[in-house]
Structure formats: structure tokens, C-alpha cells
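Breakdown of the fold
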Amino acid sequence: MYLNVHSQYSLRYGTMSIPALVEEAIACGVTQMVLTDINNSTGIMEFMRECDEKGVKPIAGMEFRRDKRLLYFGIARNKEGMKELNDFLTEHNLEKKPLPDLAPAFVNAFIVYPYGHDEPLKENEYLGIRYSQLNSLFNKDLSAIKEKLLALQPVFVADKIEYRLHEYLRGIDLNVVLTEVAAEDKCASTDKFLAPGQLEAKFSRYGFILDNTRNLMNRCIMDYPKGRINLNRRTFTGNKKNDRELLEKLAVSGMEYRYGKSNKEAQKRVKHELKVIYELDFCAYFLITWDIIRYSSSQGYYHVGRGSGANSIVAYCLKITDVDPIELDLYFERFLNAQRTSPPDFDIDYSWDEREDVQDYIFKRYGSQHTALLGTMSTFKDRSIIREIGKVMGLPKSEIDGFTDQTRAAVNQNNDTFRKIVAIHERMANMPNQRSIHAGGVLITEEPITYYTALDLPPKGMATVQWDMYEAEKIGFDKYDILSQRGIGHIKMAVKLVEENQQRKIDIHQVKNFMKDPAVNANLKIGNTKGCFYIESPAMIQLNRKLGCDSYLILVAASSIIRPGVASSGMMGTYIKYHHEPDTVKYLHPVMEEILKETYGVMVYQEDVIKVCIHFAGMDGTDADILRRGMSGKYRSKKEFERLVERFHQEAIALGRPEDAVKEVWRQVSSFAGYSFSKAHSASFAVESYQSLYLKTYFPREFMVAVLNNYGGFYDRALYVQELQRSGGIVHLPCVNNSESIVNIIGVDVYLGFVGIHGLNERFIELIPEERRQNGLYQSLEDFVKRTGMGLEHSITLIRVGALRFTGKSKKELLWAIHLLLGAKAKPNNVAELFCLEAKNYSLPVLVNTQLENAYHELELLGFPLSMTMFDLLQTDYRGEIGANDLINHVGQVVKMVGQYICEKTVHTKNNQRMWFGNFLDVEGNTFDTVHFPNRTPAYPFRGTGCYLILGKVVAEFGFASLEVLKFAKLPILPNPVIS
């Protein structure tokens, strides 16, 4: 009898999760109900599954509100009716139209208006009356509406406590204090399930209303298939037979391209995989992915296929991935196996500026009714919500700041107000807060997607489903992850720049040649990798140097053991030790030696978890994969996960494994805790790393320009400029007669672009070079101003950064001139002149800019100095006792060094104390690392960019030296001469 029930998906309004909602309904004797969340159908499929499991009849619907005001709600008669409701909301979302006062005439859905609606009702329309409104029917002629009246008892909360929580949610949503939440902005305290029989009792004098309500609900049948619905696009060509034949043809052709015609192992694996793909009906999934790659390749786009999909030799043969699964002995079942209940997925990376076009192709190729981006659901778990709760409570900002200050945690625990906020936050923590968009998931369906969800239109501008990847998986949708990263942009642009600047063409896909190149591997080994995808961070450089990494296979392992899961288990150090001393490996058990010999008994990859579960603990493939997914945070059933953990121990003991070995093996398995990679994922990253490193090795200047133009990577822009200079590039300040909007290179000369100048208007960034291309070089300051129409403020910016030095005048002379030209009353004039008048010449004293002044201008406008180094700016001439390359010769000694700050990383010890890892450059531009233990440093040792005097003890591990800091201070720089 409940037509208007809401879950937590009525965001910042409803308080009950779908399972809690169903449980509460059952407790109140409810046998059928309609879920009508506000302006969304996020929970409909979950609601139907939960109701089916618990024996309650589910009916789907949706409540429509405009400007937070209830208009009406819809109730679907069947699957087609739910599609009508979803289509209606989708149309208004995608076209950004406000919902109308009156609903359209649905064929398979009912509309219920709140009592008091006075427009004529269509055949499918009704009035919902609350029991508190029944008195208004007394002595009234009901003949015209008698058959249209329905019992309306909205449900938003379960009890008084949840009603109070609802009020806080409304306050957060409206951004007002609790006392300012008006009655019309929240539900009534009675908007909940009533005790069994109570609702019927309240309407007992109007039995016909109950009959109307019951009859309407009985007419609703949600004719969706039960359980998982395999909704992926089942055909690519039009029928499954043709799909199978096309996939086989493409796989065999690709196999010959990759391996030649006589590779028996490749033939065997391709045949095996095709059989599994046929049996699990994933031909279309592979073909659609192949089609996406085919399109992007035809546009000249680069891609990297990664994730577990790289375990597949068929994917390798279709050029979806560039990882050879035979070479790496990759585990196909990690990607697809007969027991796997969830659909697989490919992760396809594109350059950040090409992905949107690929997505656009997918939408056009497969149709807007069958394609949508995947959504996500953020929750209130972020502790920043404490600030929002405090605001709703009306607390002053200073008090709220105190509650969010982690250093006051101990004091706050004794504060009653803080404890109340925490209690509210704990109730909110897992509640959905707002819908958003998945990083790259795309759904392609056989049926129109609005059978299962309405669509949103986030700022990205592409239709997006209203639920997340977990719900998509439970329903049975396949997703295609179309992702972006800047590393691919580096590679793409570097190849283009080499062709333009050196007239050399590079086949960047000849990765196997790069992997055998001694010069490339030498740079990998010594850590000359800044700018290179995934191998440029201080931690990765340090790891590769400790490993002496000089090959693809070692890099694949390094790409995974750098992850926190392996590192936190202590197995990173074990792996490095055994890598150098393989004869000293001690395996926990002979089975562990058999399955993990390649990685010296250390679990490095997600596949290792599966292998250990199957071969060491005797679990089957399905449970092993579920356990692995639980480790990666992609499996939501905590109860099921705990059962498998228990089974791991029981099965291993039953197989006769020693109990202490079982405990240690499980400790290592559990330490992965969602941070490990699949081997295929690491291999994909390693392929891209080699592409980047090849370019850096042989074309370092073009490569670093590409890094800068794709907005860098791990480090600040200043470091990449220094790397460019170290590679022989002559880096020039921006110049209106030589620079482009982005950094450009001509031979060895590199001009910084206008895009890097702080405060320069975006219009001028593009206009300056475009005007120069159209009408030639700028001849003078006056010529520049007239042709660009630039005003005083932006002209001053360009003068101060040195971009008008082509005039041969000093900055101070130019500043005088620009003020005379565009002073308080003067305005720029970019209209063509009838007569060209010569500019007046003024006689000025000699005005000289010092190098120090220039450096301060550059610091302000570029973020780093180019005229001087950070060391040149120091007040002291002292540069330390030793340099970075000499550290290894002073192990055990206490030394003084001067270093230019690059970056830092904060970590927490087992005692929850903070410590830091630092990364610095010496005066020669060589890198060194520092370690800052809690007992040796103040609360926060770093003071931002600049140079530091560092006293520390030199330590070494696996031949890699670093500095354990004893004392640490930032060095003062020369004062700004303009200010002083």
C-alpha cells in the first residue's frame, strides 16, 4: 500500500539504504511497495533484486521535483513503463529543460499528483491523498474523483533518530543552519512505514481509496529477468555466427603478424582462448574493443591497452594490447575463465587530448540509446563533512576549524559538541552524497539503456548512467574503460617534434627493439628517467637503482613491487635481496617455490594471489578470484569475503600445510590489500615506460618539450626545464617574435610558451602567435600593441617577463614607453590606420635591469627563474661538502650538503608518527634523496621551494646512497632589489 517510498538515493533526503528499506518494510508487514526516489532511478535494479530475495513485490517508479518542489510521481506498470519514466527524465536532463508542471500521457506508467491538483486528470493519472487530508473529503461530492483517489503515505525515514539525521541532510543540502530548514524543505516526521494494519485503519472510512490503491499496485508487474541480466551487446556483425568467424579471422591474422606462421605455442593459446571466449559469449566484447582501436589508430592516435586484458593473447593479436603474454607467461584465467561471474574489462589509455574524440566515436557508432558513460556515487565518508555538520549546527568558523585540526584530535575527543558531530558523521558515512562520473567507463548495450536507468548530463557533456560500476556488474553490463593519461601525450608529441625538428620518423611501436637497446637500459639502470611515464618518481628511480634494473622483465616486476601492498608487507626489501642473491632464497613451502620461483617466493602480482589460493590452499578458481577481488576492493560482500578467508586457512591445513607457514603466507596475501597490480598491468606500464625512455635517450630535447607541453608529470615545471637544459637545449624566455602558445623547439633553441606566463589572458596566448603568422614579425612595441590590441596590464606582464626584448630596449625603458603609450587616458587601438605615423622618440637616462631583478620577475611570472639558478640566488656561496654522485663514497659519515628542493613525501610510521622522504638537486643538477625520521625533525621540516642546508648521515642500501637528516634548514636568498 506504499506508493511513494524513498531510499538514500533520494540524495540528502532519504535515510535508508535499499536493504534497510526492505527490512523495515517487512517488519511493518508490507508485501508490495513502489520505490520512487527523487529525480533518479539509481536504486531500482538493486531494489528489485533485494525485494525478490526477501519475498516482497517490487514496483518501480520515480518522483519528479523541480526546484525542490514536488510535482508528481510516476509508477511503472512494467518494464516498458519504467523505460517511459526514465526516458522522460533523461530528455529533460540531457536537454537541460525544466520538468513541466504536467506529466505527459504515459502508456505504461501511472502518474500520481498530490491531493489538491486541480487540472483534469488523464486516464493514467491519479490523486494521492494523505490520511491527514481525509477531513477535506467530508460532505464533498467525490463522484468525479472517487476512482482516482489513492492512499498516499510517503516514506523517507525509519524512526525519530533518522528523522533528525534527515534534517541534518537537508541543512547540508540547503547550506543553512538546522533551525532554518523550513517545513516545505523536509519531510514530515510521520513519513515512514506504519505499524501493520495502521495505514488501513487510518483509511477505514474510505475503503474505496484502499481498493483503488490495491488495484493499481496489482496491475504493476516488473517483468525484468531475475538475477543477473546478460545485457552486453551480444553481436557485432548482426549474428553470433558471423561474430565468431570474424573474431577467429582477426585473431589468426594478428597471430601471424605477432608471431609468424609456425609458432606452435601461440597457435595453441589462441585456440584455447577463442574456445573460452565463444563459450562465454564474449566475441562481441572483443570485436567492439577491436573496433574502437581500429578507429583510433586510423586517426593516428596512440593507445595503451592494459589491465588484466593484457593477459589475453587474442587481445595481443588484435592489437588491443602490446604485451606479449607468452613472453611473460601471463595467466589468461585472471582475465576470463569459465567460473568468472563478472564481465571482464579492457583498460584502454589514450592521450589526454584524444580520449574525448574516441568516446564521441563510440557514442555515434553504437547509438545514443545504447551508449552511456558509467557513473559513480560519492559518499559522506570524507571527514570534511564534519565541517558541513558544524555549519548546520551553527558553530562559529573558529570552532569548526578546531574540530578539523588533526593536531587537536586528543583534545577534541573530550568535547561534547565534537562527539555529537562525530556521531552524526558516523551515521552519514556510507550514505550516498552525490552522483558523479566514472574515470573512463563506457557502457554499450543491446537494449536501450533507459530500460535500466535514467541518464544524467554531467559537465563532461556525455550521457551518464545513474549508478556505478558495481551496480553495472550486478545487472550484467559490460564496460569499456576508455581512459587518458599524459604519458601517452608525451610520446605522441615527442615523435611529432622529432619528425619536424630533425626530419626523422620513429616507429614508436617497435618496443621490443627498445627493450634490447643498451643505451636505453643504461639510463633505466642509473635512473635517468625524469619525464618518463611511471619510472620518473624518486621512489621508482630509487627502486630501479637498487635492483640494477636494466631489462624489461625486471622493470615489469619493479612496476608492481613499488606498490604499497608489496612495500608494506616488507617483501620489497626481500625481493631486492633475493634478486641479487637468488641462491639464498628460502621458500616457505615447496609449493611456493614451484609457483613463485620467478619472483623469488615473493608475491608481486595479483595473479600470485590466485596461484597461491589454488595451489597452496586448494581453493577453486572462482573462490580464488573472488578473494583476489576482495583484496583489490572490488568485491562488496564482506560476509562472503570473510568466509573465503576462513576457507583459505581450513583448506591449507587440510592439505597438510604447516600452520606457521599458512599464517605467514596469509599475512603476505593480505598485505596486498588492494594495492597490487596484475602482471599484465605492470607489463603494459613497462611497455609505455620503454617508449618514453627510448625517446628521452635519443631525442631528449624534443621529449622534454613534449613533457612540458603536456603539462608535465610527477614534478614541477621548473625541474623539466632544468632537464631540458641538461640535455643541451638552449632555453629562452617567452618572446613575442619566436614563441608559440606552447613551448616550441627549433634546432637546439627552445622558447617557452605564452601559456606558462601567470596572469596572461587566454585570448592573448593564442592571438600573439597567430597575428605574427598572419602579418609577419612585430617591428616595435607600438607595432605590437596596435596589432594585438593589448592593454596596459598585459603589456606590462610581457615586458617584465622579457617577451619584448626583441626591441633592444631594457625592461625599464619599455615600461616607460608603454605607460606613455597606454597611460591612464590612452587606450589601445588595433584599427588599421590611414597614415602610419612614426612614434615619438623620448630621451631617457640609461635604465638597466639587473640579473637579480630579472630572476625575481621570472619567479613571479613563470614560477621559476631562468636568468639565474636557485643556487645563484642564495646569499651564501657555500655549496656543501660533497655532491650527490659522491654520496656512495661517504657511507657511515656525517656530511653537509646543499640541495635544491624538488619534492617531498609524507608517510606515517607504525606508531602513527609522521616522517618524510625528500628529493633534492645539488649544484651540478644531480639528484639525491633524504630521509627525515620523526625524532630528528620538527613538526614539519619543509618550507617549500628553495635551497636547504642539510646535515645528515650517509646510508646505503643495495648500493643506493641517501642521507638520514640530522639537521635541516632553508637557506635565505638575496632580497628583491626592487622591494629593498
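Just above, that's the structure.
Residues numbered from 1 in each chain as written. Predicted model: local features only at pLDDT ≥ 70, side-chain atom pairs only at ≥ 80, totals over all residues. Heavy atoms only, no water.

Further remarks concern the overall build of the protein. Along the protein, the regular secondary structure elements total 36 helices and 22 strands. Over its C-alpha atoms the protein spans a radius of gyration of 33 Å, differing by no more than 12% from the 30 Å that the globule rule assigns to 980 residues. Along the longest, intermediate and shortest principal axes, the C-alpha atoms of the protein span 100 × 85 × 65 Å. Counting only residues that meet the buried cut, the protein has 55% of its 980 residues in that class. The long-range share in the protein, meaning contacts at least 24 apart out of those at least 6 apart in sequence, stands at 69%. Carbon and sulfur atoms make up 50% of the accessible area of the protein, which totals about 43,500 Å². Across the protein, the 118 positively charged side chains and the 121 negatively charged ones have centroids separated by 1 Å. (Helix = DSSP H or I, 4+ residues; strand = E, 2+ residues; numbered from the N terminus. Rg over C-alpha atoms; globule rule 2.2 N^0.38 Å. Buried < 20%, exposed > 50% of the residue type's maximum accessible area, 1.4 Å probe, protein only. Contact = heavy atoms within 4.5 Å. Areas by Shrake-Rupley, 256 points an atom, 1.4 Å probe, with all protein chains shown as cover. Lys, Arg positive; Asp, Glu negative; His and termini not counted. Charge placed at Lys NZ, Arg CZ, Asp CG, Glu CD.)

Here we come to the packing of helix α7 (residues 240–259) against helix α8 (residues 264–279). Taken N-terminus to C-terminus, the directions of α7 and α8 make an angle of 155°; their axes are 11 Å apart at the nearest point. Here α8 runs roughly antiparallel to α7, going by the angle between their axes. Note on packing geometry: the crossing formed by α7 with α8 is right-handed. In this structure, α7 uses Arg244, Leu247, Glu248, Ala251, Met255 and Tyr259 to contact α8, whose residues at the interface are Ala266, Gln267, Val270, Leu274, Ile277 and Tyr278. When the residues that make up the contact of α7 with α8 are grouped by side-chain class, the tally is nine nonpolar, one polar and two charged. (Axes fitted to C-alpha atoms, helices over the stretch in contact; angles between N-to-C directions. Parallel < 35°, antiparallel > 145°, perpendicular 65-115°, else oblique. Left-handed = near helix turned anticlockwise from the far one by under 90°. Nonpolar A, V, L, I, M, F, W, Y, C, P; charged D, E, K, R; others polar.)

Spanning 16 residues, helix α3 (residues 79–94) covers 22 Å between terminal C-alpha atoms, matching the ideal 22 Å at 1.5 Å per step. Buried residues along α3 sit against α2 (44–54), β3 (57–66), β4 (69–76), β5 (109–114) and β12 (455–456). For α3, the N-terminal cap is Asn78; the gap from its side-chain oxygen to the backbone nitrogen of Glu80 is 3.2 Å. (Expected span 1.5 Å × (residues − 1). Polar contact = N/O pair within 3.5 Å; in protein donor to acceptor, adjacent residues only side chain to side chain.)

Turning our eyes to something else, we now look at the sheet that holds strand β19 (residues 914–921). Spatial strand order, β18-β19-β20-β22-β21: five strands in a closed barrel with mixed pairing. Strand-to-strand twist in this sheet, taken as the mean axis angle between neighbours without regard to direction, amounts to 50°. As paired strands, strand β20 (residues 927–932) and strand β22 (residues 960–970) are joined by two bridges and run parallel to one another. Residue pairing for β22: Val931 is matched across the bridge by Glu964. Sheet strands in contact with helix α20 (residues 538–547) are β18 (894–908), β19, β20, β21 (947–957) and β22, and its direction is about 145° off that of β22. (Pairing = 2+ DSSP bridges.)

This paragraph deals with the pattern of salt bridges. Counted by the stated rule, this structure contains 52 salt bridges. Across the pair Arg49 and Glu471 runs a salt bridge whose closest N-O atoms are separated by 2.9 Å. Residue Arg49 is located in helix α2, and its partner Glu471 is located in helix α16 (residues 469–475); the two are separated by 422 residues in the primary sequence. Its relative accessible area of 7% is what places Glu471 among the buried residues. (Salt bridge = Lys/Arg side-chain N within 4 Å of Asp/Glu carboxyl O.)

What the three strands build is an open sheet, ordered β15-β17-β16; its pairing is mixed. Looking along the sheet, the strands with just one partner apiece sit at the ends: β15 (730–732) and β16 (744–746). Taking each pair of neighbouring strands and ignoring which way they run, the sheet shows an average axis angle of 25°. Alignment of β16 against strand β17 (residues 749–751), held across three bridges, turns out to be antiparallel. Its bridge partner being in β17, Ile746 is matched across the sheet by Asp749.

The next subject is the pairing of strand β9 (residues 347–351). The buried count for β9 comes to five of five residues, which makes it a mostly enclosed element. Relative to β9, strand β8 (residues 303–306) is paired through four bridges, and the arrangement is antiparallel. The residue of β9 that forms the bridge with Val304 is Asp349. Inspection of the sheet shows β9 paired to strand β14 (residues 479–485) by five bridges, in the parallel sense. The partner of Tyr350 across the bridge, within β14, is Ser484.

What follows concerns the packing of helix α33 (residues 781–788) against helix α35 (residues 811–821). Here α33 crosses α35 at 45°, and the two axes come no closer than 11 Å. If you check the angle between α33 and α35, you find them oblique. Read as a crossing pair, α33 and α35 show a hand that is right-handed. Listed contacts from α35 to Leu781, Glu782 and Val785 of α33 are Leu814, Ala817, Ile818 and Leu821. Classifying every residue of the contact of α33 with α35 by side-chain character gives six nonpolar, no polar and one charged.

On to a nonpolar patch on the surface. Nonpolar side chains collect at one region of the surface, where Trp352, Tyr711 and Val755 lie side by side and expose about 270 Å² of accessible area between them. Look at Val755 and you get partly exposed, because its relative accessible area is 35%. (Patch = residues over 30% accessible without salt bridge, like charges linked within 9 Å, V, L, I, M, F, W, Y side chains within 5 Å.)

As a further point, take the pairing of β5. The buried fraction of β5 is high, at five of six residues. Of the strand pairs in this sheet, β4 and β5 are connected by four bridges, and their pairing is antiparallel. If you follow Ala76 over to β5, its bridge partner there is Ala109. With four bridges joining them, β5 and strand β6 (residues 125–129) adopt parallel strand pairing. Residue pairing in the sheet places Val112 in a bridge with Tyr126 of β6.

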